[in-house]
Amino acid sequence: MLLLSMLLYAAYLPFSEYTVLPYDAAQYWDLAAYFSDHRHFSLLHYPDGLRGYLYPLMLFGPWVVQQVSAGLIMPLGMAKVLGVGWSGMLFGVAIPQLWKQVTGRPMNAARWLVLLGLTFLFWRDYFSFTISDMPAVTLLLLGLGALSRPGWRWALVAGGLLAAAINIRPIYISSVPGALLLLAFSRRSAELWLGRCAGLVLGSALVLLPQGLINWRHFHQATPLVLARLPTGQPLYLNQLGWGTAYQRYESSLIPERPRALVFADSVGKRALAREPNHRFASYRHYLQFGSRQPIIIGTRYLKHLFNGLDVWYSTPYPRELHPTGQAALRLLNYALLGLGIWLALSAGLKHRRAAWPPLAAATLLALLLPCLLVLPTLIECRFLLPLHLLVLTIVAATWQPGVAWRGLGAPMRRVALVAVAAGWLWGCWHVSEATAGQLRPPSEAPQD
């Protein structure tokens, strides 16, 4: 599985239509340079308060190789080499191993190939760039898989992997409750459980200690977590709450006529935010008070964000065309898979209605879904809901039995009704998506840090 995943992306990525690292991909690449002052290497040279140290550190070796190549190797070329490796780890190791650990059943080769094909259709060009989404979700899944194995050594590995995911994508701190439940469910004796707890803490500390030292040296903050603050000193998440109120969707853009950003307004939210002091939220308490005054509108907005985050229009984080070839087919396939995933999830829920969910499955779902829940109030991008979308694709690829399901409907009228419901679902998803697309604003209106 690992080799086949890597071969697929090694064959594809060299031919993707990009020539440079844009925007945040370039920023991550440039951050790797901070570890060296041309005399010696030190983790404490790293000065950024917005992004954690670990992913730039992972890029330091490739950055050195690119530097000593005297221009023979381009940063984008190194990014694609790394992308081949991350694709193999995610699709060849992390997802199959976690699925086996949680369900007790390995994913057979045919179903895994379906999963590999579906993920390739929707996410393939994310592996062309030095952005943090794929590495972070890979490390998160590997960490959860390691934590579901017995023994303190696996807990040590899990602590390091989970801490790495949190350092790279701080929103994954919300996965901790699910991870702790995984640890609790693995308890077999007090001695073994205490050993696993110690291993988890030690593994986490080894990864997070450098971040704590960096924070103290550069910002005089005694915390091992990424500060995630903008250069203005404002917390990024607090800014995101304001942006997520005024806008319902965001895409980075390399489209010549719409450079930098595709931003889709929320007219109701913009008017509401305009009535707040300074047109922004001064604190998290301010946002909670704002939400308490209009709970139905806020709930509706979150549902829109959930749909927009799962409504994948592009297989790249940096689209070059507003409507690329095959986009309509990709969207319809996505809506069909989302509907199928909902149906399979509801069927599983009914199956377990009178029996408790398997503890490992419940804890793993909590760890994957809590980060997705916390991003719903923000300016949503599809990559923010990557764990949920991958979960949907995995459930469909690993469990759907179309022949059995079709025969199980029995009477022709039930089959006709199902086809009608499916058509209505596709129609509804398409029109909700088009309503969002109709709110596209000029790049000049995109939110600024």
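Residues numbered from 1 in each chain as written. Predicted model: local features only at pLDDT ≥ 70, side-chain atom pairs only at ≥ 80, totals over all residues. Heavy atoms only, no water.

Here we come to the nonpolar core. Membership of the largest hydrophobic core comes to 97 residues, with the highest contact counts inside it found for Leu90, Trp123 and Leu144. If you tally residues by element for this core, the top one is helix H4 (residues 75–103), at 12 residues. For Leu144, the residues in contact, after removing those within four places along its chain, are Leu98, Leu162, Ala179, Leu182, Thr364, Ala367 and Leu368. If you look at the next biggest cluster of nonpolar residues, it comprises 17 residues, including Ala246, Leu273, Tyr287 and Ile298. (Core = buried A, V, L, I, M, F, W, Y, C linked by side-chain atoms within 4.5 Å. Buried < 20%, exposed > 50% of the residue type's maximum accessible area, 1.4 Å probe, protein only. Helix = DSSP H or I, 4+ residues; strand = E, 2+ residues; numbered from the N terminus. Contact = heavy atoms within 4.5 Å.)

Running from amino to carboxyl end, helix H3 (residues 54–68) crosses helix H7 (residues 152–168) at an angle of 95°, the nearest separation of the two axes being 7 Å. In this view, H3 runs roughly perpendicular relative to H7, as classed from their interaxial angle. Residues Leu54, Tyr55 and Met58 of H3 pack against Ala164, Asn167 and Ile168 of H7. Class assignment of the residues belonging to the contact of H3 with H7 gives a composition of five nonpolar, one polar and no charged. (Axes fitted to C-alpha atoms, helices over the stretch in contact; angles between N-to-C directions. Parallel < 35°, antiparallel > 145°, perpendicular 65-115°, else oblique. Nonpolar A, V, L, I, M, F, W, Y, C, P; charged D, E, K, R; others polar.)

It is worth spelling out the pattern of salt bridges at this point. Applying the stated criterion across every chain, the model contains nine salt bridges. Here Arg293 and Glu276 are joined by a salt bridge, their closest N and O atoms 2.8 Å apart. Of this pair, Arg293 sits in the loop between helix H12 (284–292) and helix H13 (295–310) while Glu276 sits in the loop between helix H11 (267–274) and H12, placing them 17 residues apart in sequence. A salt bridge links Glu445 to Arg441; its shortest N-O distance comes to 3.1 Å. On the basis of relative accessible area, Glu445 is assigned to the partly exposed category, the value being 26%. (Salt bridge = Lys/Arg side-chain N within 4 Å of Asp/Glu carboxyl O.)

Attention now moves to the side chain of Thr130. By secondary structure assignment, the location of Thr130 is in the loop between helix H5 (109–123) and helix H6 (133–147). In terms of polar contacts, Thr130 uses its side chain to reach the backbone carbonyl oxygen of Ala25, at 2.8 Å. Ignoring sequence-local partners within four residues, the contact set of Thr130 consists of Leu21, Asp24, Ala25, Tyr28, Trp29, Tyr55, Leu59 and Ala79. (Polar contact = N/O pair within 3.5 Å; in protein donor to acceptor, adjacent residues only side chain to side chain.)

Moving on to empty space enclosed by the protein. Using the criterion set out here, one finds five cavities of 30 Å³ or more in the structure. Of the volumes computed, that of the largest cavity is approximately 70 Å³. Considering the residues around the largest cavity, the lining is formed by Tyr55, Ala79, Leu82, Gly83, Trp86, Tyr126, Phe127, Phe129, Thr130, Ile131, Met134 and Pro135. Among the secondary structure elements, those contributing two or more residues to the lining of the largest cavity are H4 and H6. Looking at the lining of the largest cavity residue by residue, the classes come out as 10 nonpolar, two polar and no charged. Computed from the structure, the second largest cavity encloses a volume of approximately 60 Å³. Contributing to the lining of the second largest cavity are Asp133, Arg169, Ile171, Tyr172, Pro371, Cys372, Val375, Arg383, Phe384 and Pro387. The leading source of residues in the lining of the second largest cavity is helix H15 (residues 359–375), at three residues. (1 Å grid on protein atoms, 1.4 Å probe; cavity = no way out; pocket = protein on both sides within 12 Å on 5 of 7 lines; lining within 4 Å. Points joined across faces, edges and corners; volume = space filled by probe spheres on them.)

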